[in-house]
Amino acid sequence: MRINYIFAAAAALGSFVSTARAQVAIRGETVYTMAGEPIRDGIVIIRNGKIDEVGAASAVRVPPDFTILRAAVVVPGLVDAHTCVGLTGYLNQPHDQEQIERSAPIQPELRAIDAYNPEERLIEWIRGFGVTTIHTGHGPGALISGQTMIAKTVGKTVDEAVMVSEAMVAATLGDGAQNDKSPGTRAKAVAMLREELIKTQAYKKKLAVADETKRPERNLRMETLSKVLDGAMPLLVTAQRHTDMSAALRLADEFHIKLVLDGAADAPMLIESLQRARVSIIIHPAMQRAGGETDNLTFESAAKLRDAGIPFAFQSGFEGYVPKTRVVLFEAAVAAAHGLGRDAALRALTIDAARLLGIDKRVGSLEKGKDGDVALYDGDPFEYTTHCTGVVIDGKVVADKPR
Amino acid sequence: MRIQNLQFVALALLAAGAACANARGLSFSQGPRVADSASRPVVFRGAKIVTMAGEDIDDGVLVVDKGKITAVGRAANVTIPANAEEVDARGKYILPGFVDTHSHIGAPAGGDSSSPIQPDCRVMDSIDVRDPGIARARAGGITTANVMPGSGHLLSGQTLYLKLRDGNAIEDLLIKLDDGSAAGGIKMANGTNSRGNPPFPGSRAKSAALVREQYIKAAAYRDKLKKANGDPEKMPERDLNMEALVEVLDGKRVVHHHTHRHDDILTVLRLQKEFGFKVVLHHVSEGWKVADEIAKANVPCSVIVIDSPGGKLEAKDASIETCGVLERAGARVAIHTDDYITDSRLFNRSAALAVRGGMSRRGALAALTIEGAKILELDKKIGSLETGKDADLAIWSGDPLSVYSYVTETWIEGKLVFDRSRARDRLVAEGGRGAGEPRLDLGCCAADGEDR
């Protein structure tokens with residue numbers, strides 16, 4: 001076993017090096033482009049990191065010097081719409097936990113790019129199942145815990161990995177926002193958020209005065225929240241109970257901010273409000289355990305959102321114990337099997353997630369001009385016993401050990 | 001809350017009534033559905049029967065009478081009792097009820113923070129049979145579970161092997177052994193979870209030393225008992241800790257040993273050799289590193305299959321390949337949920353992921369059924385579908401290793417305990433508003449069900 005392990009690692013490394021700069025053609029018995037019907041016996045041509053051509057094998061010519069990868073099923077690289085990997089390390093020891101800073105309840109100035117570890121083992125782990133893009137950053141557990149970022153699951157530095165350095169501002173409502181001191185209640189939590197946003201409104205106003213000498217000094221916290229008020233950064237609110245979800249809708253309404261709801265265990269109870277607010281939801285992991293605030297969880301949450309026409313995407317979320325991360329592919333699989341269906345689950349895992357995150361011009365579907373991010377499987381990607389047989393990011397083979 | 005509950009109860013009863021009518025419509029028989037082999041035999045027809053004792057049977061027939069399997073085989077070879085209630089399982093799979101060798105459903109508690117070794121503590125004195133986790137386990141096709149205290153002690157207490165029958169009190173779920181005692185083991189742990197400030201051990205060597213001391217003490221206690229030979233004058237004073245450990249030394253109580261890291265696994269094997277107790281290695285995250293040693297020791301494994309490594313230091317090299325590596329090394333392998341860590345409703349998923357990681361399909365199904373039964377020393381009663389065994393089974397909508405399959409019915413000792421066509425049971429299986437409410441869970445459909 002030890003020997004096998006080393007061989008596998010060597011093989012993976014070898015193929016990475018040999019194909020790193022090659023041009024790639026991927027041939028699939030079924031190619032789900034997520035832009036039109038699936039293609040039987042299809043080919044995806046990736047040139048210089050970008051998708052150059054997609055079509056039936058009979059209609060696409062593969063240039064002679066291209067490396068050809070084959071698989072039963074080919075899909076766009078998967079998008080995990082909310083995780084904390086890269087900040088929450090797999091060892092779960094104090095030195096590798098960067099997703100939460102408890103010194104104050106409101107710290108939007110904390111940037112994800114200053115905490116992201118691109119070499120964290122869990123990034124490689126989820127990449128091995130086909131996840132190529134992650135929305136990650138500061139986690140739930142403080143009223144405002146910090147910022148999030150969007151990255152590819154490759155890169156030796158954060159600069160190499162990052163797609164969007166300031167994606168959203170992460171907030172939590174409910175038990176997770178409360179601590180020993182303040183906020184200690186739901187009402188106080190919302191009051192504190194409103195006060196902070198009102199302060200930010202005043203800060204923005206002062207910044208806009210004509211006389212430069214009368215403008216306030218730079219304030220990182222206010223600067224970040226100004227981006228929320230301006231709509232440049234959505235407020236990502238993790239809220240499970242309907243009361244907390246309603247409070248988030250109320251805030252969004254009062255301050256005209258772009259809201260993305262996260263978790264939303266009680267979403268099936270609030271369908272009409274959610275429809276009216278035209279809010280997008282990053283739904284709780286399908287296999288998240290029920291209890292406490294999440295007592296009403298159901299495997300069918302995603303199916304119910306789909307039925308109501310509410311935009312949603314899947315997440316692996318944050319895990320505080322064993323296993324240290326979920327795999328978004330597995331969560332989507334359970335949702336697929338519990339009412340959502342295969343096609344809708346695959347959409348939510350690729351193009352819908354990309355749209356929700358505002359990166360659909362680059363990823364989420366196999367279309368000419370988009371990034372060469374592709375996941376290969378030896379069967380239905382959602383079946384427990386299927387393997388991910390290859391992962392390509394920006395045209396480079398980054399995983400080829402069946403997993 | 002009370003009013004809401006009652007409204008829900010009314011709705012659930014209406015829905016359940018409709019569902020029952022539907023189930024009758026599907027059945028071949030004319031009479032109302034009793035779904036209890038205590039009153040009349042039940043025959044399951046048309047399914048692919050995965051007996052776990054020989055080949056699978058396509059279009060099989062399984063007959064149950066008074067809680068036991070009385071016949072199983074091809075339709076042509078089985079005589080059907082005249083008055084049997086028929087269950088149409090055409091197009092479905094029937095499997096033995098799953099045996100979960102490591103679970104925390106029912107909110108079990110063992111020892112407290114007073115000492116690292118507490119054999120006197122029994123989960124029997126803590127389990128809540130109304131815990132929604134028990135109903136969820138039935139929805140996952142689990143019929144027997146080893147319910148254990150946690151791993152925060154070197155020895156956290158006595159475990160119970162439970163049949164997940166409908167019950168009002170823990171006594172209703174016990175498995176009685178021939179001597180009248182309740183079947184169960186003892187929970188031990190090494191590695192990091194059981195470490196702490198004194199009196200808890202601060203190192204691995206100290207952990208082993210503390211355990212060895214207690215077993216040496218127990219051996220001396222047992223000697224005194226033997227010498228006294230029943231003479232009340234000579235008997236040592238009763239000592240609950242020692243009594244439980246003597247049961248371990250005598251092989252009456254199997255040690256279920258939490259152990260992750262390769263060196264911790266070998267420490268368990270070393271202690272087992274010294275004291276001769278029966279032991280099962282649980283979790284075994286790094287079992288893939290010492291698979292040959294495990295196989296050679298002929299000690300069975302109960303493995304957890306998780307979605308990623310890490311979460312704590314001793315699980316940093318956890319792998320979905322562990323089950324396959326152990327299987328190929330010739331070790332005996334069962335799989336467990338460790339519910340709350342994984343969801344009992346998706347126990348089949350753990351086995352399927354083991355297949356993804358290289359285990360054989362047959363081995364994975366055995367790891368959910370007969371291998372678990374052997375680990376609990378209950379394989380004469382459960383774990384496979386054979387004549388004479390308890391009628392513990394689940395009907396699956398399709399291949400039990402597929403994500404798209406689900407349990408339609410679970411039967412324990414010939415009695416229907418989970419029926420997806422009932423509103424209450426579907427709520428348990430899928431989740432949703434009210435699914436986590438333990439009083440509602442039993443109260444809504446039990447005959448004397450109000451506000452228990």
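All values reported here derive from a predicted model rather than from experimental measurement.

What counts, and at which threshold
- Residues numbered from 1 in each chain as written.
- Chains lettered and ligands numbered in written order.
- Predicted model: local features only at pLDDT ≥ 70, side-chain atom pairs only at ≥ 80, totals over all residues.
- Heavy atoms only, no water.
- Helix = DSSP H or I, 4+ residues; strand = E, 2+ residues; numbered from the N terminus.
- Areas by Shrake-Rupley, 256 points an atom, 1.4 Å probe, with all protein chains shown as cover.
- Phe/Tyr/Trp six-rings, centres within 6.5 Å; stacked < 30°, edge-to-face > 60°.
- Buried < 20%, exposed > 50% of the residue type's maximum accessible area, 1.4 Å probe, protein only.
- Lys NZ or Arg CZ within 6 Å of the ring centre and 35° of its normal.
- Pairing = 2+ DSSP bridges.
- Right-handed = clockwise from strand over helix to strand, strands pointing away.
- Contact = heavy atoms within 4.5 Å.
- Buried area = accessible area lost by both parts, 1.4 Å probe.
- Salt bridge = Lys/Arg side-chain N within 4 Å of Asp/Glu carboxyl O.
- Polar contact = N/O pair within 3.5 Å; in protein donor to acceptor, adjacent residues only side chain to side chain.
- Domains from an automatic or database assignment.
- Nonpolar A, V, L, I, M, F, W, Y, C, P; charged D, E, K, R; others polar.
- 1 Å grid on protein atoms, 1.4 Å probe; cavity = no way out; pocket = protein on both sides within 12 Å on 5 of 7 lines; lining within 4 Å.
- Points joined across faces, edges and corners; volume = space filled by probe spheres on them.
- Axes fitted to C-alpha atoms, helices over the stretch in contact; angles between N-to-C directions.
- Parallel < 35°, antiparallel > 145°, perpendicular 65-115°, else oblique.
- Left-handed = near helix turned anticlockwise from the far one by under 90°.

**Examining the overall build of chain B**
Argument step 1. A count of helices and strands for chain B gives 12 helices and 17 strands.
Argument step 2. Per element, the accessible surface of chain B, about 17500 Å² overall, is 50% carbon and sulfur.

**Comments concerning the packing of aromatic side chains**
Argument step 1. Tallied over the full model, the rule gives eight aromatic pairs over all chains.
Argument step 2. When the ring of tryptophan 125 of chain A is compared with that of phenylalanine 129 of chain A, the centres are 5.5 Å apart and the planes differ by 70°; the resulting orientation is edge-to-face. For the residue pair tryptophan 125 of chain A and phenylalanine 129 of chain A, the accessibility class agrees, reading buried in each case.
Argument step 3. Members of the aromatic cluster, connected to one another through ring pairs, are Trp125, Phe129 and Phe330 of chain A.
Argument step 4. Over the ring of tyrosine 340 of chain B we find arginine 289 of chain A, and its NZ or CZ is 4.9 Å from the ring centre.
Argument step 5. In this arrangement the basic side chain of arginine 420 of chain B is found over the ring face of tyrosine 406 of chain B, its NZ or CZ atom lying 4.4 Å from the centre.

**Structural notes on the pairing of strand E14 (residues 333-336) of chain B**
All names here are of chain B.
Argument step 1. Of the two faces of E14, the one carrying Val333 and Ile335 and the one carrying Ala334 and His336 are both buried.
Argument step 2. Inspection of the sheet shows strand E13 (residues 301-304) paired to E14 by four bridges, in the parallel sense. Note that in E14 the partner of isoleucine 304 across the bridge is histidine 336.
Argument step 3. Considered for its hand, the β-α-β crossover made up of E13, helix H7 (residues 322-329) and E14 is right-handed.

**A few points about the interface of chain B and chain A**
Argument step 1. If you look at the interface, chain B gives 42 residues, while chain A gives 45 residues.
Argument step 2. Where chain B abuts chain A, roughly 4100 Å² becomes buried across the two surfaces, and 56% of that area is made up of carbon and sulfur atoms.
Argument step 3. Of all residues in chain B, Arg356, Val403 and Tyr404 of chain B bury the most surface against chain A, accounting for 20% of the area lost on that side.
Argument step 4. Close ionic contact of glutamate 321 of chain B with lysine 401 of chain A constitutes a salt bridge, the shortest N to O distance being 3.4 Å.
Argument step 5. The interface formed by chain B and chain A contains 24 residue pairs in polar contact (both at pLDDT 80 or more).
Argument step 6. Those elements that provide at least two residues to the side of chain B that touches chain A are helix H8 (347-356) and helix H11 (423-430) of chain B.

**Regarding the domain arrangement of chain A**
Residues and elements named next belong to chain A.
Argument step 1. By the assigned domains, chain A splits into domain 1 (2-77 + 366-399) and domain 2 (78-357).
Argument step 2. Inter-centroid distance (C-alpha atoms) of domain 1 to domain 2 is 30 Å.
Argument step 3. Domain 1 puts 21 residues into the contact, and the matching count from domain 2 is 24 residues.
Argument step 4. Our count for the contact surface shared by domain 1 and domain 2 stands at four salt bridges.
Argument step 5. Across the salt bridge formed by arginine 342 and aspartate 380, the nearest N and O atoms sit 2.9 Å from each other.
Argument step 6. Applying the counting rule to domain 1 against domain 2 returns six residue pairs in polar contact (both at pLDDT 80 or more).
Argument step 7. Counted by class, the side of domain 1 that touches domain 2 contains 15 nonpolar, one polar and five charged residues.

**Notes on helix H10 (residues 342-349) of chain A**
Argument step 1. Turning to H10 of chain A, its buried residues are Ala344, Ala345, Leu346, Ala348 and Leu349 of chain A.
Argument step 2. Against strand E4 (67-76), strand E5 (78-80), helix H8 (301-308), strand E13 (312-314), helix H9 (328-340) and helix H11 (351-357) of chain A lie the buried residues of H10 of chain A.

**Structural notes on empty space enclosed by the protein**
Residues and elements named next belong to chain B.
Argument step 1. As enumerated under the stated definition, the model contains 12 cavities of 30 Å³ or more in all.
Argument step 2. Considered as a void within the structure, the largest cavity measures approximately 150 Å³ in volume.
Argument step 3. Split by domain, the lining of the largest cavity shows at least three residues from each of two domains, domain 1 (2-97 + 385-443) and domain 2 (98-375).
Argument step 4. Taken as a whole, the second largest cavity spans an internal volume of roughly 90 Å³.
Argument step 5. If you list the elements that add at least two residues to the lining of the second largest cavity, you get helix H3 (204-228) and helix H5 (262-275).
Argument step 6. If one sorts the elements of the lining of the second largest cavity by residue count, H3 sits on top with four residues.

**Points about the pairing of E4 of chain A**
Residue and element names in this part refer to chain A.
Argument step 1. Judged by how many residues are buried, E4 sits mostly within the fold: seven of 10 residues are covered.
Argument step 2. In the sheet, strand E1 (residues 24-31) pairs with E4 via seven bridges, with the strands oriented parallel. Bridging across to E4, isoleucine 26 finds its partner in leucine 69.
Argument step 3. The pairing of E4 with strand E14 (residues 374-377) spans four bridges and is antiparallel. Across the sheet, residue proline 76 finds its bridge partner in E14, namely valine 374.

**A short note on the environment of glutamine 315 of chain A**
Residue and element names in this part refer to chain A.
Argument step 1. By secondary structure assignment, the location of glutamine 315 is in the loop between E13 and H9.
Argument step 2. A residue is classified by how much of its surface remains accessible, and glutamine 315, at 4% relative accessible area, is buried.
Argument step 3. The spatial distance from the C-alpha of glutamine 315 to the C-alpha of leucine 329 is 9.0 Å, given a sequence separation of 14 residues.
Argument step 4. Residues within four places of glutamine 315 in sequence aside, it is in contact with Asp80, His82, Asp262, Gly263, Ile282, Ile283, His284, Pro285, Val328 and Glu331.
Argument step 5. A polar contact of 3.2 Å, which involves the side chain of glutamine 315, links it to the side chain of aspartate 262.

**A look at the sheet that holds strand E12 (residues 279-283) of chain B**
Residues and elements named next belong to chain B.
Argument step 1. What the six strands build is an open sheet, ordered E8-E10-E11-E12-E13-E14; its pairing is mixed. Edge positions in the open sheet fall to strand E8 (155-158) and E14, since each of these has one partner strand only. Across the sheet, the axes of successive neighbouring strands diverge by a mean angle of 25°, strand direction being ignored.
Argument step 2. Where strand E10 (residues 186-189) lies against strand E11 (residues 255-259), four bridges are found, and the strand directions are parallel. The residue bridging methionine 188 from the neighbouring strand is histidine 257, located in E11.
Argument step 3. Packed on one face of the sheet, H5 meets E11 and E12 and runs near 170° to E12.

**Thoughts on the layout of surface pockets**
Argument step 1. Within this model, the second largest pocket holds a volume of roughly 890 Å³.
Argument step 2. What lines the second largest pocket is a set of 38 residues, among which Gln288, Arg289, Phe318, Glu319 and Arg326 of chain A lie closest to the centre.
Argument step 3. Taken together, the elements giving at least two residues each to the lining of the second largest pocket come down to strand E10 (235-239) and strand E11 (259-263) of chain A together with H8 of chain B.
Argument step 4. Its residues placed into classes, the lining of the second largest pocket shows 14 nonpolar, 15 polar and nine charged.

**A look at the environment of arginine 204 of chain B**
All names here are of chain B.
Argument step 1. Mapped onto the secondary structure, arginine 204 falls in helix H3.
Argument step 2. Sequence spacing of arginine 204 and asparagine 190 is 14 residues, and the spatial spacing of their C-alpha atoms is 7.4 Å.
Argument step 3. In this structure, arginine 204 is in contact with Gly191, Thr192, Arg195, Arg261, Asp263 and Asp264, ignoring residues within four places of it in sequence.

**Looking at the sheet that holds strand E6 (residues 98-103) of chain B**
Residues and elements named next belong to chain B.
Argument step 1. One open sheet holds the three strands; their spatial order is E6-E7-E9, and the pairing between them is mixed. This sheet does not close on itself; its edge strands, each paired only once, are E6 and strand E9 (160-163). Going from strand to strand, the sheet's axes swing by 20° on average, the running direction of each strand aside.
Argument step 2. One ladder, built from four bridges, connects strand E7 (residues 142-147) with E9; its direction is antiparallel. Across the sheet, valine 147 pairs through a bridge with leucine 160, a residue of E9.

**Remarks on H11 of chain B**
Argument step 1. Buried residues dominate H11 of chain B, accounting for six of its eight residues.
Argument step 2. Every buried residue of H11 of chain B is listed here: Arg424, Asp425, Leu427, Val428, Ala429 and Glu430 of chain B.

**Regarding the packing of helix H4 (residues 186-207) of chain A against helix H6 (residues 242-255) of chain A**
Helix-helix packing is described using two parameters, namely the angle between the two axes and the distance between the axes.
Residues and elements named next belong to chain A.
Argument step 1. Where H4 contacts H6, the axes come no closer than 11 Å and their chain directions differ by 15°. Classified by the angle their axes make, H4 and H6 are roughly parallel. As for the relative orientation of H4 and H6, their crossing is right-handed in sense. Counted together, Arg186, Val190, Leu193, Arg194, Leu197, Ile198 and Gln201 of H4 and Thr243, Asp244, Ala247, Leu251, Glu254 and Phe255 of H6 form the full contact between these two elements.
Argument step 2. Of the residues belonging to the contact of H4 with H6, the class tally is seven nonpolar, two polar and four charged.

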